[in-house]
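What follows is the residue order along each chain.
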There are 2 protein chains.
Amino acid sequence: MKVMGLSRLVLVNPQKFPDAQAAAMAAGATDILAAAQVVSSLPEALSGTVLAVAMSARRRELATPALWAREAAAEMVAQTVHGDVALVFGNETAGLSNEELAQCRRWAMIPVNPDFSSLNVAAAVQVMCYELRLAALNPGLPPEISGAGLPATHDEIEHFVTHLEQAALGCGFLDPASPKRFTLRMRRLFSRAVLEKEEVNILRGLLAALEGKGKFRP
Amino acid sequence: MKVMGLSRLVLVNPQKFPDAQAAAMAAGATDILAAAQVVSSLPEALSGTVLAVAMSARRRELATPALWAREAAAEMVAQTVHGDVALVFGNETAGLSNEELAQCRRWAMIPVNPDFSSLNVAAAVQVMCYELRLAALNPGLPPEISGAGLPATHDEIEHFVTHLEQAALGCGFLDPASPKRFTLRMRRLFSRAVLEKEEVNILRGLLAALEGKGKFRP
């Protein structure tokens, strides 16, 4: 949950807490365990929230209609303008009882393989925390690549393609009477590749060397 | 991965395989382990695929631009029309090397909390398999609730609202000279609730009893 930016954990009647094994498995997120609130009942845990979403893998009698995980995350994030929202998980063995589920205004399911649907609680928590993170913040563009160079300009790419075409003609690979679509294809390929300046220089250097023309100088 | 409908696992140079601990942790998905293919190198694993996506949490020098997990899943599913696609994970400790990453046409990241970004490999696999499942198939509507009754008809709801209004007037709760927006509010509330037939009957029975009018008969 910390990896997905969540910080508030409420434990209802934990068998054992604090617990050395839990601390060891928290892998550095011990601040969340240290700040965890321990309560004795679900109503106490949900007190003050404006929306509680129960996670359940099983169909329930008399439940409100289920939401898929993604929709549930969107609704939870939308409701945060009104106050705290809660995501409620049962324990690994028994899940949530019908009575516990009935205390939550919504319940959500993760769409799984109907023939093999047993997601453990840690995996379900991870998927839901991930959905909440994506619902809460548009992650924007993926990070820039640190080693990435400047993009080649249009002119640099055009000069390269012309160079390539001349080299192909010069070595006899390309028949000037029937060039087919060589240049078009090359242009398409290198356009998809989004060439960098340095890459154009390397390619032109290679071409010049293959042509026996010595060094290419940009 | 089986929970998300995936079945094909390729292991590159596993330290120990088959392994009793792996079988125990597979929690019933032992068919996937039994069918797992063991190869000695990444090129062998990727041979025949049309797209390989490497998962990595770290920024890399000279990598192709990163995709977020959701976009990567969409691209992978789209490419399945052309052939097999591969999702590539490193081991828990070291992840993928730059050389391994360079063999993959794309790389993907899971958007995480930049201040605490260490997702373990099992959690990353779970998130990606979930994204692949959602990208591969629209899950459709969540399952029907088995205990859900027939929806009340418009007329049944109108009769109930009228009953409620008369009861409120009858007991003096509502002043006929100044009904305010009682009926409008009740209509709005019960409209949001999407009443079932049986619920309308229960509510009208309760009203009749509160009014001292004996049993309500639908």
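Note that this is a predicted model, so its numbers are computed, not measured.

Points about the pairing of strand 6 (residues 106–109) of chain B
Residues and elements named next belong to chain B.
Then comes step 1: Relative to strand 6, strand 3 (residues 51–55) runs parallel, the two sharing 3 bridges. Looking at strand 6, one finds that Val53 is bridged to Arg106.
Then comes step 2: By the bridge criterion, 3 bridges tie strand 4 (residues 66–68) to strand 6 in an arrangement that is parallel. What sits directly across from Trp68, in strand 6, is Met109.

Comments concerning the packing of aromatic side chains
Then comes step 1: By the definition in use, this model includes 4 aromatic pairs over all chains.
Then comes step 2: Lying across the ring of Phe116 of chain A, Lys2 of chain B places its NZ or CZ 4.6 Å from the centre.

A look at the side chain of Arg133 of chain B
Then comes step 1: Within the secondary structure, Arg133 of chain B sits in helix 6 (residues 121–136).
Then comes step 2: Notably, Arg133 of chain B is buried but unbridged: the nearest opposite-charge side chain belongs to Asp115 of chain A, and the N-O separation is 8.1 Å.
Then comes step 3: Once you skip the residues sitting within four places of it in the chain, Arg133 of chain B turns out to touch Pro111, Val112, Asn113 and Pro114 of chain A together with Val3, Met4 and Gly5 of chain B.

Concerning the sheet that holds strand 4 (residues 66–68) of chain A
Residues and elements named next belong to chain A.
Then comes step 1: Strand order in the open sheet made by the 4 strands is 4-6-3-5, with parallel pairing throughout. This sheet does not close on itself; its edge strands, each paired only once, are strand 4 and strand 5 (85–88). Shown here is a sheet whose adjacent strand axes are inclined to one another by a mean of 30 degrees, direction ignored.
Then comes step 2: Strands strand 3 (51–55), strand 4, strand 5 and strand 6 (106–109) of the sheet are contacted by helix 4 (residues 69–79), whose axis makes an angle of about 95 degrees with strand 4.

Some points on the domain arrangement of chain A
Then comes step 1: Once the domains are mapped, chain A shows domain 1 (10–136) and domain 2 (154–210).
Then comes step 2: Centre-to-centre separation of domain 1 of chain A and domain 2 of chain A, based on C-alpha positions: 57 Å.

As for the environment of Gly95 of chain A
All names here are of chain A.
Then comes step 1: Mapping Gly95 onto the fold places it in the loop between strand 5 and helix 5 (98–102).
Then comes step 2: A relative accessible area of 29% means that Gly95 is categorised as partly exposed.
Then comes step 3: Distance in space between the C-alpha atoms of Gly95 and Ala124 is 12 Å, their sequence separation being 29 residues.
Then comes step 4: When sequence neighbours within four positions are dropped, the list of residues in contact with Gly95 reads Gly90 and Glu100.

Overview of the environment of Phe182 of chain B
Residue and element names in this part refer to chain B.
Then comes step 1: Looking at the element boundaries, Phe182 is found in helix 8 (residues 182–193).
Then comes step 2: Residues Phe182 and Glu165 lie 17 residues apart in sequence; the distance between their C-alpha atoms is 7.8 Å.
Then comes step 3: The contacts of Phe182, once residues within four sequence positions are left out, are Leu164, Glu165, Ala168, Phe173 and Leu174.

Quick notes on the sheet that holds strand 5 (residues 85–88) of chain B
All names here are of chain B.
Then comes step 1: On the basis of which strands lie adjacent, the open sheet formed by 4 strands has the order 4-6-3-5 and parallel pairing. If you trace the sheet from one side to the other, it starts and ends with strand 4 and strand 5, each paired once. With direction set aside, neighbouring strand axes in the sheet form an average angle of 30 degrees.
Then comes step 2: Relative to strand 4, helix 4 (residues 69–79) is tilted by about 95 degrees, and along the sheet it contacts strand 3, strand 4, strand 5 and strand 6.

Remarks on helix 8 (residues 182–193) of chain A
Residue and element names in this part refer to chain A.
Then comes step 1: The end-to-end C-alpha distance of helix 8 is 17 Å, a good match for the 16 Å that 12 residues give at a rise of 1.5 Å each.
Then comes step 2: Among the structural elements, helix 7 (154–170) and helix 9 (197–210) are those in contact with the buried residues of helix 8.
Then comes step 3: Val194 occupies a position one or two residues after helix 8 and carries a positive phi of about 50 degrees.

Side note on the packing of helix 6 (residues 121–136) of chain A against helix 6 of chain B
Then comes step 1: Contact geometry for helix 6 of chain A and helix 6 of chain B: axes closest at 9 Å, N-to-C directions at 65 degrees. When the interaxial angle is binned, helix 6 of chain A and helix 6 of chain B end up roughly perpendicular. Here helix 6 of chain A and helix 6 of chain B pass one another in a crossing that is right-handed. Taken together, the residues of helix 6 of chain B that come into contact with helix 6 of chain A (itself represented by Ala123, Gln126, Val127, Tyr130, Glu131 and Leu134 of chain A) are Ala123, Gln126, Val127, Tyr130, Glu131 and Leu134 of chain B.
Then comes step 2: In the contact of helix 6 of chain A with helix 6 of chain B, the residues fall into 8 nonpolar, 2 polar and 2 charged.

Digging into helix 9 (residues 197–210) of chain B
Residue and element names in this part refer to chain B.
Then comes step 1: Spanning 14 residues, helix 9 covers 20 Å between terminal C-alpha atoms, matching the ideal 20 Å at 1.5 Å per step.
Then comes step 2: Looking only at helix 9, the buried set comprises Val200, Arg204, Leu207 and Ala208. Down the axis of helix 9, the sector holding all buried residues measures 95 degrees, keeping them to one side. Among the exposed residues of helix 9, those oriented more than 90 degrees off its buried face are Glu198, Ile202, Ala209 and Leu210.
Then comes step 3: Each element contacted by the buried residues of helix 9 is listed here: helix 7 (154–170).
Then comes step 4: Gly212 occupies a position one or two residues after helix 9 and carries a positive phi of about 70 degrees.

What about unusual backbone geometry?
What is expected of a backbone is that most residues other than glycine have negative phi and most peptide bonds are trans.
Residues and elements named next belong to chain A.
Then comes step 1: Residue Pro18 follows Phe17 across a cis peptide bond; omega there is -5 degrees.
Then comes step 2: By the secondary structure assignment, Pro18 is in the loop between strand 1 (10–12) and helix 1 (20–25).
Then comes step 3: Positioned with a positive phi, Asn13 is a non-glycine residue whose angle comes to about 45 degrees.
Then comes step 4: Following the sequence through the fold, Asn13 ends up in the loop between strand 1 and helix 1.
Then comes step 5: For Ala27, which is not a glycine, the phi torsion comes out positive at approximately 45 degrees.
Then comes step 6: In this structure, Ala27 sits in the loop between helix 1 and helix 2 (30–34).

Analysis parameters
Residues numbered from 1 in each chain as written. Chains lettered and ligands numbered in written order. Predicted model: local features only at pLDDT ≥ 70, side-chain atom pairs only at ≥ 80, totals over all residues. Heavy atoms only, no water. Pairing = 2+ DSSP bridges. Helix = DSSP H or I, 4+ residues; strand = E, 2+ residues; numbered from the N terminus. Phe/Tyr/Trp six-rings, centres within 6.5 Å; stacked < 30°, edge-to-face > 60°. Lys NZ or Arg CZ within 6 Å of the ring centre and 35° of its normal. Buried < 20%, exposed > 50% of the residue type's maximum accessible area, 1.4 Å probe, protein only. Lys, Arg positive; Asp, Glu negative; His and termini not counted. Salt bridge = Lys/Arg side-chain N within 4 Å of Asp/Glu carboxyl O. Contact = heavy atoms within 4.5 Å. Axes fitted to C-alpha atoms, helices over the stretch in contact; angles between N-to-C directions. Domains from an automatic or database assignment. Expected span 1.5 Å × (residues − 1). Parallel < 35°, antiparallel > 145°, perpendicular 65-115°, else oblique. Left-handed = near helix turned anticlockwise from the far one by under 90°. Nonpolar A, V, L, I, M, F, W, Y, C, P; charged D, E, K, R; others polar. Arc of directions from axis to C-beta.

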